[in-house]
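# Summary of the model geometry
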Amino acid sequence: MLFFLNTLLLFHHLNAKAENTLCRMMGDTKYPLFSKEGDVTIGAVFAVRSKETLPSFAFTQKPQPLSCSSVTLRDFRIAQMMLFAIEEINRNGILLPNVSIGYRIYDTCGSRLSSMSAIMTLMNNQEFEASQKCNGQTPIHAIIGETESATTVILSRTTGPFKIPVISHSAGCDCLSNRKDFPSFFRTMSSDYYQGRALAVLVKHLDWTWVGAVNSDNDYGNYGMEIFLNAAKKEGICVEYSVKFYRTEYEKLQKVIKTMKRGTAKVVVAFVSFFEMELLVEQLSIHNITGIQMVGVVGWITSKTLITPNTFRVMKGSLGFAVRKINIEGFIDFVMNVFWDTAISCSQRHTNLSQAELNCSRPQDLFVLKNYSEDVPEHRYISNVYKAVYAVAYALRSLLKCRERGGCEKDLTIQPQQMVEALKKVNFTVKFGDRVWFDSTGAAVAQYEVVNWQQDKNGSIQFKAVGYYDASLPPDQRFVLNTENIIWAGGQLEKPQSVCSESCPPGTRKAGQKGRPVCCYDCIPCADGEISNETDSNNCMQCPREYWSNAERNACVLKAVEFLSFTDVMGIVLVFFSLFGVGITVLVTVLFYSKKDTPIVKANNSELSFLLLYSLTLCFLCSLTFIGRPTEWSCMLRHTAFGITFVLCISCVLGKTLVVLMAFKATLPGSNVMKWFGPVQQRLSVLSFTLIQALICVLWLTISPPFPYKNMKYYKEKIILECSLGSTVGFWAVLGYIGLLALLCFILAFLARTLPDNFNEAKFITFSMLIFCAVWITFIPAYVSSPGKFTVAVEIFAILASSFGLLFCIFAPKCFIILFKPEQNTKQYLMGKTQSKSY
């Protein structure tokens, strides 16, 4: 408790001592470049000069003040515009009727050290009387500046604890949008959040997917480039390299130049401030790096000081976003005349040389610009300074409760926080038509012009407007670009291409290259059955089942339907042999009919021979049902016709075999077997065997008949139109029944082959059945393994081969005897009465 009381007393003592402390300046007084007293005061810090010379630090005497040189025309015009706006407000007396605005403008020399010194001086009075005490009040109501984001961050962080409002005319860094860190910061331009996204939109709009990126190594460049890179990634833009440097880092600058030289990207996005861009352009000229399409930002794209004959050769055709160009009435006249008589009261009319020296010492190097105004229209930030001054005036009007007739209550004390709150509420329109207000981050709405570096017929360089970006419009209307009016890098009229890989045409897909960005890829042709019908397709689409890709792989076409048709070479050959078989069979039938009374025809039941010839004709003809486009009826007909006709044929052969056996049995003493297998029984046996097959076919067609089927398994590129068996059991039952009869016939014929007779028909039946069985045994594996229409061809071949085998083996020997050996066509010869060789 005692320790707490002691601590409290100590703090009270220190506080009382502080209140009695007199304010005094540490170091030399820093005087403003331009100043004027008024009822209210606006401060400003601009880099009117860009080079700072440090004094020698010998530590033997007090250091001399920093000296500045090299006037920056842009910031000088900005300072002039501030004075113009203040003079305009003071002169018309409408906005602040009985209140005059004063100003104190400091030159920072483009140095953070000088900038800090100017800020501290602004927040305090220039000189203090010995009796003055530190009252915590600042004489400045608002500060306008700085030009660069990095120094504006320093300014805002320094003034932030004191709630002094800072209004920047050109600091675009998105970092300044953080109201927690910068609660009293405002700007009359937009955040670079919009500019970074707009750059990505521009690059995407021009189909540049492979770009390089260079940025200043400060808050402005780092934050801006981060926004662009994120937006570019979302837009599908690849960045080959992203390098940065600061104006004092020569080695890093050389590294940037080497990177740009080695790079393959034809487009470079340069998110750099004016000072870094001066150095970069100079090095590009020295190294003769041309043909690169530079895409710039508001920080440098309209800076005429960057243009020289050497640099324009490198930078010709540059494209980028700029603050809108606005002509403010009366400003050029002010620059040429009024400014020099009011802001700088220095002319040769002074008779008092000491007074002239005092007034002219600080701005002496500015007098070279006294009669120069050609650059004024190109300085686009000056309109933002005009808006900033008027924003302060409108905030003061609100706080001082100004009325048109009653004037303002000028004796009111304005606290910095009040000024901040008043600025948040300003909403007015300036004389050139722009509406001024601040959003929740303290920034203005994003409105940019797209400008292009062009050379007119007279040789002068122009920043020609070729489009715009307006964030206040709907998304589909924000960006407009007229590419027809653009002169591209190197003065070319044709837009440069900047891609890592050429576009993949339809019929191909993109395949990423290992270890490289997504914009670097190979074009891989789509696989069979897949297509891509657009450029730069990531994937190929699978065609529907009944479609196939065309040769170019860019469209799906109907698959070719394949079946064994009458017009195919194979179909024609099979039809020929089928009809040839029919013809031979008919000729044999005619021959047999003409010789029906001869012994060789009458032997072994001529009725069965004619029935066999008829069934063989049907066998040859049924093969035709397998050719042609399969239909529901043709599928059912081909298998049933095949099954029934072949059973009829084998039944006849079986009947003939039994006749041979029974005939020889009948010659034995006491045998009465022929009465049991006479003509009637032969007919009934053929009919019975055939009816069994017919019954099997009827059951097959009833339960699960064959049907047309589109087979897509064998070939991916075509459809095999075939007859599905429906029930495989039915098919193999039909085939098995034929095989059973053929096997039985073969066994019986084989047994009867040695019976005594000069013309033992059993021998030829044995040969025919041997061929028949061999054909159909071979048919089974061939049928199962043959693809598509060859399956049908194998089945037709089996039908024809077996039919020809039966026809030639059974009937060829008889025809030979009838035509060429008529002397053997006798009963005695056939009964073996003459000498003959045994088989």
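The preceding data block contains the structure.
No experiment lies behind these values; they were computed from the predicted model shown.

Before going further, it helps to examine the sheet that holds strand 7 (residues 166-168). With mixed pairing, the 6 strands of this open sheet are ordered in space as 1-5-2-6-7-8. The strands lining the two open edges of the sheet, one partner per strand, are strand 1 (34-36) and strand 8 (185-187). Strand-to-strand, the axes of this sheet are offset by a mean angle of 25°, without reference to chain direction. Inspection of the sheet shows strand 2 (residues 40-46) paired to strand 6 (residues 142-144) by 3 bridges, in the parallel sense. Bridge assignment links isoleucine 42 to a residue of strand 6, and that residue is alanine 142. Strands in contact with helix 4 (residues 149-159) are strand 2, strand 6, strand 7 and strand 8; relative to strand 7, the strand with the most contacts, it is inclined by about 165°. Here helix 12 (residues 382-399) sits on the sheet in contact with strand 2, strand 5 (101-107), strand 6 and strand 7, set at roughly 170° to strand 6.

This next bit is on the state of the cysteines. Throughout the structure, instances matching the rule amount to 8 disulfides. Covalently, cysteine 500 is tied to cysteine 520 through a disulfide, its sulfur atoms 1.9 Å apart. On the sign convention where negative means left-handed, the S-S torsion of about 105° between cysteine 500 and cysteine 520 marks this disulfide as right-handed. With cysteine 500 in the loop between strand 18 (479-481) and strand 19 (508-512) and cysteine 520 in the loop between strand 19 and strand 20 (521-525), this pair connects stretches of sequence that are 20 residues apart.

Phe34, Met82, Met260, Met277, Leu280 and Trp300 are the most contacted members of the largest nonpolar core, which totals 132 residues. Here this core takes 12 residues from helix 12, the largest share from any one element. Dropping the residues within four chain positions of it, methionine 82 is found in contact with Ile42, Gly43, Ala44, Phe46, Tyr103, Ile105, Ile144, Val385 and Val389. Phe592, Cys619, Phe620 and Leu658 belong to the second largest nonpolar core, which has 67 residues in total.

Quick look at the side chain of asparagine 711 now. Position of asparagine 711 among the secondary structure elements: in strand 26 (residues 707-711). Setting aside chain neighbours within four positions, we find asparagine 711 in contact with Lys718, Ile719, Ile720 and Glu722.

This paragraph deals with the pattern of salt bridges. Summed over all chains, the structure comprises 18 salt bridges. Taking the shortest distance from any N to any O, the salt bridge between lysine 244 and aspartate 217 comes out at 3.9 Å. Of this pair, lysine 244 sits in strand 10 (residues 238-245) while aspartate 217 sits in the loop between strand 9 (210-216) and helix 6 (219-234), and the two are 27 residues apart along the sequence. The class of lysine 244 is partly exposed, set by a relative accessible area of 40%. The closest approach of N and O atoms between glutamate 249 and lysine 252, which form a salt bridge, is 3.9 Å. For glutamate 249, a relative accessible area of 26% corresponds to the partly exposed category. Each of Asp217, Lys244, Glu249 and Lys252 takes part in salt bridges that share partners, so that together they form one network.

Attention now moves to the sheet that holds strand 12 (residues 293-296). Judged by pairing direction, the sheet is mixed, and its 8 strands sit side by side in the order 10-9-11-12-13-16-17-18 without closing on themselves. The two strands at the open ends of the sheet, each matched to only one other strand, are strand 10 and strand 18. In this sheet, adjacent strand axes meet at a mean angle of 30° when their direction is disregarded. Relative to strand 12, strand 11 (residues 267-271) runs parallel, the two sharing 3 bridges. Note that in strand 12 the partner of valine 268 across the bridge is methionine 294. Seen against the sheet, helix 5 (residues 192-205) touches strand 9, strand 11, strand 12, strand 13 (319-323), strand 16 (447-455), strand 17 (461-470) and strand 18 and runs at an angle of roughly 170° to strand 11.

With an omega dihedral of -10°, the bond running from glycine 145 to glutamate 146 counts as a cis peptide bond. Tracing the backbone shows glutamate 146 in the loop between strand 6 and helix 4. The backbone of asparagine 288 shows a phi angle near 55°, a positive value even though the residue is not glycine. Relative to the helices and strands, asparagine 288 is located in the loop between helix 8 (274-286) and strand 12. Even without being glycine, arginine 553 reaches a positive phi, approximately 60°.

With that settled, consider the packing of aromatic side chains. Evaluated as defined, the whole model comprises 27 aromatic pairs. Arranged with centres 6.1 Å apart and planes meeting at 75°, the rings of tryptophan 300 and tryptophan 453 form a pair that is edge-to-face. Separated by 153 residues along the polypeptide, tryptophan 300 in the loop between strand 12 and helix 9 (309-315) and tryptophan 453 in strand 16 bring together distant segments of the chain. What makes tryptophan 453 buried here is its relative accessible area of 0%.

Helix length check: helix 10 (residues 331-342) (12 residues) gives 14 Å between terminal C-alpha atoms against 16 Å at 1.5 Å per residue, more than 12% under. Looking only at helix 10, the buried set comprises Phe331, Phe334, Val335, Phe339 and Trp340. Buried positions in helix 10, seen along its axis, are confined to an arc of 150° and lie on one side of it. Elements that come into contact with the buried residues of helix 10 comprise strand 1, helix 2 (73-92) and helix 12.

Next up on the list: the packing of helix 7 (residues 250-262) against helix 8. Packing of helix 7 against helix 8 leaves a shortest axis separation of 10 Å and a crossing angle of 55°. Considering their axes alone, helix 7 and helix 8 lie oblique with respect to each other. As helix 7 packs across helix 8, the resulting crossing turns out to be right-handed. Taken together, the residues of helix 8 that come into contact with helix 7 (itself represented by Tyr250, Leu253, Gln254, Val256, Ile257 and Met260) are Leu279, Leu280, Gln283 and Leu284.

It is worth spelling out a nonpolar patch on the surface at this point. A contiguous nonpolar patch, built from Val569, Val573, Phe576, Phe577 and Phe580 and spanning about 490 Å² of accessible area, is present on the exposed surface. Tracing the sequence through the fold places valine 573 in helix 14 (residues 569-594).

Turning our attention to the packing of helix 3 (residues 112-122) against helix 4. For the pair helix 3 and helix 4, interaxial distance at closest approach is 10 Å and the crossing angle is 30°. Overall, the two elements helix 3 and helix 4 adopt an arrangement that is roughly parallel. Classified by chirality, the crossing of helix 4 by helix 3 is right-handed. Side by side, helix 3 and helix 4 meet where Arg112, Ser115, Met116, Ile119 and Met120 of the first sit next to Ala150, Thr151, Ile154, Leu155, Thr158 and Thr159 of the second.

Criteria and thresholds
Residues numbered from 1 in each chain as written. Predicted model: local features only at pLDDT ≥ 70, side-chain atom pairs only at ≥ 80, totals over all residues. Heavy atoms only, no water. Pairing = 2+ DSSP bridges. Helix = DSSP H or I, 4+ residues; strand = E, 2+ residues; numbered from the N terminus. Axes fitted to C-alpha atoms, helices over the stretch in contact; angles between N-to-C directions. Contact = heavy atoms within 4.5 Å. Disulfide = S-S within 2.5 Å. Core = buried A, V, L, I, M, F, W, Y, C linked by side-chain atoms within 4.5 Å. Buried < 20%, exposed > 50% of the residue type's maximum accessible area, 1.4 Å probe, protein only. Salt bridge = Lys/Arg side-chain N within 4 Å of Asp/Glu carboxyl O. Phe/Tyr/Trp six-rings, centres within 6.5 Å; stacked < 30°, edge-to-face > 60°. Expected span 1.5 Å × (residues − 1). Arc of directions from axis to C-beta. Parallel < 35°, antiparallel > 145°, perpendicular 65-115°, else oblique. Left-handed = near helix turned anticlockwise from the far one by under 90°. Patch = residues over 30% accessible without salt bridge, like charges linked within 9 Å, V, L, I, M, F, W, Y side chains within 5 Å. Areas by Shrake-Rupley, 256 points an atom, 1.4 Å probe, with all protein chains shown as cover.

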